[in-house]
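# Inside the fold
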4 protein chains.
Amino acid sequence: MVPRYARPAMTAIWEPEARYRIWFEIEAHATEKLGELGVVPPSGAKALWDWWATNPVIDVAAIDAIEAVTKHDVIAFLDWVAQQVGPEARFMHQGMTSSDVLDTTLSVQLARASDLLIADIDALLEAIKRRAIEHKYTPTIGRSHGIHAEPTTFGKKLAEAYAEFTRCRARLVAARAEIATCAISGAVGTFANIDPSVEEYVADKMGLEIEPVSTQVIPRDRHAMFFATLGVVASSIERLAVEVRHLQRTEVLEAEEYFSPGQKGSSAMPHKRNPVLTENLTGLARVVRSAVTPALENVALWHERDISHSSVERFIGPDATITLDFALARMTSVIDKLLVYPERMQKNLDKMGGLVHSQRVLLALTQAGLERDASYRLVQRNAMKVWESDGQLSLLELLKADPEVSAVMSAAELEDKFNLDYHFKAIDTIFARVFGAE
Amino acid sequence: MVPRYARPAMTAIWEPEARYRIWFEIEAHATEKLGELGVVPPSGAKALWDWWATNPVIDVAAIDAIEAVTKHDVIAFLDWVAQQVGPEARFMHQGMTSSDVLDTTLSVQLARASDLLIADIDALLEAIKRRAIEHKYTPTIGRSHGIHAEPTTFGKKLAEAYAEFTRCRARLVAARAEIATCAISGAVGTFANIDPSVEEYVADKMGLEIEPVSTQVIPRDRHAMFFATLGVVASSIERLAVEVRHLQRTEVLEAEEYFSPGQKGSSAMPHKRNPVLTENLTGLARVVRSAVTPALENVALWHERDISHSSVERFIGPDATITLDFALARMTSVIDKLLVYPERMQKNLDKMGGLVHSQRVLLALTQAGLERDASYRLVQRNAMKVWESDGQLSLLELLKADPEVSAVMSAAELEDKFNLDYHFKAIDTIFARVFGAE
Amino acid sequence: MVPRYARPAMTAIWEPEARYRIWFEIEAHATEKLGELGVVPPSGAKALWDWWATNPVIDVAAIDAIEAVTKHDVIAFLDWVAQQVGPEARFMHQGMTSSDVLDTTLSVQLARASDLLIADIDALLEAIKRRAIEHKYTPTIGRSHGIHAEPTTFGKKLAEAYAEFTRCRARLVAARAEIATCAISGAVGTFANIDPSVEEYVADKMGLEIEPVSTQVIPRDRHAMFFATLGVVASSIERLAVEVRHLQRTEVLEAEEYFSPGQKGSSAMPHKRNPVLTENLTGLARVVRSAVTPALENVALWHERDISHSSVERFIGPDATITLDFALARMTSVIDKLLVYPERMQKNLDKMGGLVHSQRVLLALTQAGLERDASYRLVQRNAMKVWESDGQLSLLELLKADPEVSAVMSAAELEDKFNLDYHFKAIDTIFARVFGAE
Amino acid sequence: MVPRYARPAMTAIWEPEARYRIWFEIEAHATEKLGELGVVPPSGAKALWDWWATNPVIDVAAIDAIEAVTKHDVIAFLDWVAQQVGPEARFMHQGMTSSDVLDTTLSVQLARASDLLIADIDALLEAIKRRAIEHKYTPTIGRSHGIHAEPTTFGKKLAEAYAEFTRCRARLVAARAEIATCAISGAVGTFANIDPSVEEYVADKMGLEIEPVSTQVIPRDRHAMFFATLGVVASSIERLAVEVRHLQRTEVLEAEEYFSPGQKGSSAMPHKRNPVLTENLTGLARVVRSAVTPALENVALWHERDISHSSVERFIGPDATITLDFALARMTSVIDKLLVYPERMQKNLDKMGGLVHSQRVLLALTQAGLERDASYRLVQRNAMKVWESDGQLSLLELLKADPEVSAVMSAAELEDKFNLDYHFKAIDTIFARVFGAE
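Please read all numbers here as calculations on a predicted model, not as lab measurements.

This part is about the overall build of chain A. A count of helices and strands for chain A gives 19 helices and 6 strands. Scaling as 2.2 N^0.38, a compact globule of 438 residues should have a C-alpha radius of gyration of about 22 Å, whereas chain A reaches 30 Å, well beyond that. Taken along the three principal axes of its C-alpha coordinates, chain A extends 100 × 50 × 40 Å. A total of 438 residues make up chain A; the buried ones form 62% of that total. Partitioning the contacts of chain A with sequence separation of at least 6, the portion at a separation of at least 24 is 75%.

Shown next, in the form of structure tokens:
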């Protein structure tokens, strides 16, 4: 976790104190159910909850000190709770193994992290939608291979992002379901020393599903799918970030990240206004993605479990969720405040001398009866002249003057093929598909 | 693609001829709809389908030869079809761009590949289920950290695999839905030169959903999610493969891959019977996973598209699906024919002198009134003696002889804690959760 | 391996026949040395070499047929050779294990592949150097964050690439040394059944170093380092490819990939001239890099070896080397034939109204006695006006007219700060560092 | 960075204070050289060094507060230093750009980190060597595919690790050289505003090489190579860790991690002694490796630089070096204190009824005149009986009783083939290769 790329709500999920609170809740709920089952006296759970009702401070340092001796985190925690609660605490953890607590806690943390991420995406979607509608009909050039292709609108570009993050939202919801399970099944998952109903009870109380069959741990294919999904979401952030970076290039400058008064772009070059937020997002996407491979490598634990996954998760659990939360929020801010320059978009659109309409002419020539190959050559020979003139010549004028073209199409017919609105007639259909009917 | 790790049905999906056949169908369906819309004469589609009805051979070499000149694959294909069909073919591809065909074709290929992979998983699930039920109550030692923990059953281990691959199946179904979309939206996705109803028509004919908004291409977050999912499935294969490899170790030998008569395990050591299939599956899992990162890197195409994703997909499209198909089938065969040795399982289970029952004793001592910490120390001091005797001493006998233990538990009570069936009482519950009620 | 991204010389290294030829040479050399040592009769090696001198065709299909029965590739090969050579062939492979042959063969293949890659880099370096010298003083704008920064020269940009690929060359030489070792040490690397002098003899004959200590195999940290190095080289290719792609953008257009007559950039848009080669190289870099992670995962083989690495290497051995070879050659061609447009470079350089000289002015103001912060604000307030004018205003004129500036610097002094040559005075030093003294 | 996997010396390198100290030194050395060159008054450097001689505390919070306003870290630092030093500080940073400082600082940090890592490896090598010599002739079974193969010695296994980490040491030395460069070349690397001799001077003072040609930054192929190398070293740690984990398995138990008194292996199972350190190292290897892909993705910065690499390096710079430092130290401790059980090694070696000698018999039969295939079948048919008896039958006795065998080899000749020392005759040669002549 790098503090400058972290926000408090997500970070809090991964603090030791938050973890210990979840541990306690799991242990106390389990003790309660064990009391109902008659395995331990009901007084056990009562003592725990009574203490909890005093809203006790979790003394992380004290627990750490015990762990330094026992070299076992859960035992250290249980010892510390026993010190606070007294002898009734001995009924805690009956028939449970450490992983029952640890893994279910991780599920709670990842589920809570998912909730924040989903809320982040909702905020991002709202920002994108607002700007998309604002620029629904703002003409801009569409580019393939970085080369001008055909006109589109800036709102349509944002509609693409909206559709992509809508998919990402659905993926995060599915990823949350992957990891929101509870396992309290004992040392090798046989429930030998604890009734399955305890698992069911705790799952219900903690807002989780039961894990149908566990080993000592919840199977790691679930976590692999979770982190792989974060990697996909990060890649979608990268895509939108790269788009903004391109638009802000000096030669393009169709949009810019908001630049606050007093901000210095460069220690050396006072004129610089750099797309540093989206460059940063490009890097953060790499960071989030770097969790995917170790999460995949974590799946093949030996037999009923080995602990190789644990250290990995201590890194990627916080890092991937905290960084993605930060990245989604930063992207929301970028989109929300993005400076958009429609005049520059139009200027860029015009700079190719009408070449962007070449396909339409090609099509029209074919419909006028020429063979496709002949049409292609006619358009290309004129298009190349415009291209080489760096936009000084006009494709429309050249075509009008080309006798082979004028033999099949009149000047008026040609002019009709250079109308920008022609390209936008389906924008409404696309918006309805993406944003739904208004 | 490495031929030895490939099966014909999956490989066929990726052959040039298969690709061209899909191209044709997309073009012909589109032409048909364009005919309905009055954009081209209905005779165009008719000519195409009439030729198609002759079941023509696709001359891959001829198309390649044209491409060598035009340096454009779709144009080469269209030229070749035009040579076969005649002038009516000029109505093909009206208002479409190459990517409309290429990307929709990739969708069809990946959807078909998904269908095979889902069928593979169904076969694997069936094999696992059969062996799980066969060994529902075959006792075996559960291991954490490679160390004996508590008893479980071999059927329960297989139930874990069944549950995991059931999840993988659901993930594959979701992955299929991710990539089964059709985009026929033109050079920058505005439908400028083609009506959205053509996309809808072709999607329906090809068994796809429409892509709500595309650029020049179908957005690559879809493909990233697809390949990430294959990586997760591969990791689950690795997990089961590693389990078999462990079970076949000389010192463990609880199960073995089937060894056919005449097979030589080693050119030098005639006695060797090696788990080469599951070692191979471990490697193949790495291969499938290696598609994940490039697929994630493919998402951030520039503006309305660049073509950097294409070469990547030429590798990982076939490689990941063909290899995973092979791996699933190989795993099915391994499980189906796995030699299982219950006697050896029992022998291994017994070799620790009863240490595997230590937790149960610990729990019983606590319930008999000792504090947890005291119980732990009592069990541990006897357990350590057994451990150091390499299983020659019996934990039960040592406990009976320990005065601090006998002070709270009788010999009969102790003996009751060493009953194996105690561990299996929830197996039926687990099987019902995993396989459903019978 | 994807044929369109493969060149014959590299592909040939990975053909079955090439592999069998190396196998034979290793076996024959070993038999020869065993003959010298008196372990087998000298007639063994003689029979093998006599047959080899007839330049026999390797019947790959026949060997495959035997392997289909024995399920062991080396035994199948030995059987086939025995069929050709006769009874003297029984002295082959004495005391050896399959991996002695297989792993040493892989070393030979990777060493040969390295030689081709190093030659590829040499060709690339030559092309870069030629173009760098050609454009040593071609002014162009340097950009950070995609935003105009300060002037540089196009030759200096190419000098960066030259230095980078010079490093890549050194890395490839080191990577070659990593994997060019020979192990003939028996089933667990103890030389129990074969004298270490055989290994030394074969190593020398095959142009390899001995592996100081092997298990059954050559340790895979060597191969991991090899493939990691290819991944770095691929990333350097990506960097140069991305540079070209940026330069070819419509709005920038300072350079272009060579466009051959008759080439069609788009089936729909006849005017398109797309940087498809460098986009393709961007994708191929991802492909080569995808070999790195599985190669790292291959290191931790179990005990004296498991065979999980083998299937991985069947993919990444050919794929990574063939693809990188192709990519280096394609990059060489791109640089060699790159269309460079100095006029456009100058035009872009001028379009910011002199903002690119802002740092120099800042420095001069500080040297003229202003505090840094004051200087910065003075420059920035004028620079921002130029920026917002889209290059219509001139920084020089604004500064001249700013009374706080003119208070410390005269018009002539200011004009001197806008001289382009000022930026190029160290170009010669840089060239001497990179290319050496002429 | 996860504190439990961090050691102070490495962590200190990455603290803000350490970074600021390096920043200061670079700025002060540069100012000194600029004074020599007459660009600024010599009093500038003097003021800086005078202040530095007072051993001032770096007020990180104060610098952070300035950065919160300026949003630029280097400017914030310069402002703070100026507050401390007074007006003479304005001569700092003349002609430099932030990246000159930031990138050279990263080089210093990575070089220092490399020094620690190299020292770590030296300590690990020493521990491995000591244990290797201790167990030079401790017999143990060599295993391929997890299956008993032929005898080896435990010292020879450790010699493999020694050779591997010797290679890793050399790789780290090379990796250090990759990143130990200094760039002070200005905004686009042209030295427009600063003389190249400043770079040379600072490089020399900071113990770095000059960067022959830089852009705004040091090229990231260097860092990619650095982190890729860390990934290889991590994989070698994983290999040794996996070996220990296998040896500690209950059924194998040939070695064990040291188990301190009072340590609890499991909250539930008091008898457990788990290889948790090496399992942890397996996970930490995945963590270090996860830095490789983002480092490779960082290479292709746009033009003269974008800042996407920066956030990535804020994570992987500390995480990869701190984690690898911790892992190397932990591995050193594991090897140093490893409990080795030679009796158990012998017991395991004997448990296959002599099958481990099968290859030697095979060879002897061939040398006695049988064809290889016949020999193979003879050995295999007896070996299979032993195998199926679970080591109860003796291969030697079966061979003696097999008439086809006794027809060519006497009982005494057979017995000679079962001598363990036969396998160890080259151990001395191997040790001389690995550890050098004593």
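Before going further, it helps to examine the relation of the copies chain B and chain A. Taken together, a rotation about one axis and a shift along it account for how the two chain copies relate. Mapping chain B onto chain A calls for a screw motion: a turn of 180 degrees about the axis and a shift of 0.0 Å along it, with 0.0 Å RMSD after fitting. Such a combination of turn and shift is consistent with a two-fold rotation axis. Within chain B, A228 of chain B has its C-alpha nearest the rotation axis, a separation of 3.1 Å. Mapped onto chain A, 100% of the interface residues of chain B again fall at the interface, so both copies present the same surface.

Take the interface of chain B and chain A next. Contact with chain B, which involves 69 residues of that partner, is made by 69 residues of chain A. Looking at the side of chain B that touches chain A, the elements with two or more residues in it are β1 (139-144), β2 (147-153), α7 (154-179), α9 (221-248), α11 (292-297), α14 (358-367) and α19 (427-435) of chain B. Looking at the side of chain B that touches chain A, the element that brings in the most residues is α9 of chain B, giving 13 residues. Among the residues making up the side of chain B that touches chain A, the classes are represented as 28 nonpolar, 21 polar and 20 charged.

Once that is clear, we can look at the nonpolar core. Counting 456 residues, the largest nonpolar core has A327 of chain A, A327 of chain B, A327 of chain C together with A327 of chain D as its most contacted members. Among residues more than four places away in sequence, those in contact with A327 of chain C are A234, I237, L281, L284, A285 and V288 of chain C.

This part is about the domain arrangement of chain A. Residue and element names in this part refer to chain A. Taken domain by domain, chain A consists of domain 1 (96-258 + 269-346) and domain 2 (352-433). Taken over C-alpha atoms, the centre of domain 1 sits 43 Å from the centre of domain 2. Counting residues at the interface gives 12 residues for domain 1 and 10 residues for domain 2. Elements represented by at least two residues in the side of domain 1 that touches domain 2 include exactly β1 (139-144), β2 (147-153) and α7 (154-179). Looking at the side of domain 1 that touches domain 2 element by element, the count peaks at 6 residues for β2. Here the side of domain 1 that touches domain 2 is composed, by residue class, of 6 nonpolar, 3 polar and 3 charged.

Here we take up the interface of chain A and chain D. Each partner contributes to the interface: chain A provides 41 residues, whereas chain D provides 40 residues. Those elements that provide at least two residues to the side of chain A that touches chain D are α4 (60-70), α5 (73-85), α10 (276-289), α11 (292-297) and α12 (308-337) of chain A. In terms of residue class, the side of chain A that touches chain D is built from 16 nonpolar, 17 polar and 8 charged.

Our next topic: the pairing of β2 of chain B. Residue and element names in this part refer to chain B. Burial analysis of β2 places 7 of its 7 residues in the buried class, the great majority of the element. One ladder, built from 5 bridges, connects β1 with β2; its direction is antiparallel. When the bridges of β2 are listed, T140 appears paired with T152. Counting the residues between successive antiparallel strands, the hairpin from β1 to β2 contains 2 residues, one of them, H145, with a positive phi of roughly 60 degrees.

Mapped onto the present numbering, the UniProt feature "domain: Adenylosuccinate lyase C-terminal" (unreviewed entry) falls at residues 353-435 of chain A. Taken end to end, residues 353-435 of chain A is 64% helix and 0% strand, and its first and last C-alpha atoms sit 34 Å apart.

What follows is about helix α12 (residues 308-337) of chain B. Residues and elements named next belong to chain B. Helix length check: α12 (30 residues) gives 44 Å between terminal C-alpha atoms against 44 Å at 1.5 Å per residue, within 8%. Along α12, the largest kink reaches about 30 degrees and is centred on R314; proline P318 follows within four residues of it. Counting buried residues along α12, 23 of its 30 residues qualify, which places the element largely inside the surrounding structure.

Take unusual backbone geometry next. As a rule of thumb, non-glycine residues mostly have phi less than zero, and peptide bonds are mostly trans rather than cis. Residues and elements named next belong to chain D. Even without glycine at this site, F191 takes up a positive phi of about 60 degrees. Assignment of secondary structure puts F191 in the loop between β3 (181-182) and α8 (196-206). Exposure remark for F191: the 23 C-beta atoms within 10 Å place this residue in the buried category. One non-glycine residue, R305, adopts positive backbone phi at about 155 degrees. Along the chain, R305 falls in the loop between α11 (292-297) and α12 (308-337).

What follows covers the relation of the copies chain A and chain D. You can overlay chain A on chain D at an RMSD of 0.1 Å; the transform is a turn of 180 degrees with a shift of 0.0 Å along its axis. A share of 98% of the interface residues of chain A reappears at the interface of chain D, consistent with the copies meeting face to face through the same patch.

As a further point, take the packing of α12 of chain B against helix α10 (residues 276-289) of chain C. Put simply, α12 of chain B and α10 of chain C touch, their axes get as near as 6 Å, and they point 40 degrees apart. By the angle between their axes, α12 of chain B is oblique relative to α10 of chain C. Our pair here, α12 of chain B against α10 of chain C, has a crossing hand that is right-handed. Here S308, H309, S310, S311, V312 and F315 of chain B of α12 of chain B lie close against α10 of chain C, whose contacting residues are E279, N280, T282, G283, L284, R286 and V287 of chain C. Residues of the contact of α12 of chain B with α10 of chain C, tallied by class, amount to 4 nonpolar, 7 polar and 2 charged.

Residue and element names in this part refer to chain D. Where helix α7 (residues 154-179) contacts helix α9 (residues 221-248), the two axes come as close as 9 Å, and the packing angle between them is 165 degrees. Judged by the inter-axis angle, α7 sits roughly antiparallel to α9. Crossing of α7 over α9 shows left-handed handedness. Of the residues in α9, those touching α7 at A161, E164, F165, C168, R171, L172, A175, E178 and I179 are R222, H223, M225, F226, T229, V232, V233, S236 and L240. The residue inventory of the contact of α7 with α9, partitioned by class, reads 11 nonpolar, 3 polar and 4 charged.

Right, let's talk about α10 of chain A for a bit. Given 3.6 residues per helical turn, the α-helix brings residues three or four places apart onto the same face. With 14 residues, α10 of chain A should reach 20 Å at 1.5 Å per residue; the first-to-last C-alpha distance of 20 Å fits that figure. Of all 14 residues making up α10 of chain A, 13 are buried, and the element is well covered by its neighbours.

Confidence in the prediction of chain A, expressed as mean pLDDT, is 94, and 97% of residues score 70 or more. Model confidence for the complex: the whole-complex pTM is 0.95, and ipTM, which rates the interface, is 0.94.

Glancing now at the environment of M352 of chain D. Residue placement: M352 of chain D occurs in the loop between α13 (342-350) and α14 (358-367). Since 24 C-beta atoms lie within 10 Å of it, M352 of chain D is described here as buried. Separated by 35 residues in sequence, M352 of chain D and W387 of chain D place their C-alpha atoms 7.0 Å apart. The contacts of M352 of chain D, once residues within four sequence positions are left out, are T250 of chain B together with H148 and G391 of chain D.

So, about the environment of R289 of chain B. Counting through the fold element by element, R289 of chain B comes out in helix α10 (residues 276-289). For the pair R289 of chain B and H29 of chain B, spaced 260 residues apart in the sequence, the C-alpha separation amounts to 36 Å.

So, on to the environment of T366 of chain A. Tracing the chain through its elements places T366 of chain A in helix α14 (residues 358-367). Placed 10 residues apart in sequence, T366 of chain A and Y376 of chain A show a C-alpha to C-alpha distance of 8.8 Å. Discounting chain neighbours no more than four positions away, the residues touching T366 of chain A are R372 and S375 of chain A together with R90 of chain B.

Rules behind the numbers
- Residues numbered from 1 in each chain as written.
- Chains lettered and ligands numbered in written order.
- Predicted model: local features only at pLDDT ≥ 70, side-chain atom pairs only at ≥ 80, totals over all residues.
- Helix = DSSP H or I, 4+ residues; strand = E, 2+ residues; numbered from the N terminus.
- Rg over C-alpha atoms; globule rule 2.2 N^0.38 Å.
- Buried ≥ 20, exposed ≤ 12 C-beta atoms within 10 Å, placed from the backbone.
- Contact = placed C-beta atoms within 7 Å.
- Least-squares fit on C-alpha atoms with pLDDT ≥ 70 in both.
- Nonpolar A, V, L, I, M, F, W, Y, C, P; charged D, E, K, R; others polar.
- Core = buried A, V, L, I, M, F, W, Y, C linked by C-beta atoms within 7 Å.
- Domains from an automatic or database assignment.
- Pairing = 2+ DSSP bridges.
- UniProt positions renumbered as here; feature names shortened; annotations may be inferred.
- Expected span 1.5 Å × (residues − 1).
- Bend = angle between axes of the 7 residues up to and from the residue.
- Axes fitted to C-alpha atoms, helices over the stretch in contact; angles between N-to-C directions.
- Parallel < 35°, antiparallel > 145°, perpendicular 65-115°, else oblique.
- Left-handed = near helix turned anticlockwise from the far one by under 90°.
- pLDDT = per-residue confidence, 0-100.

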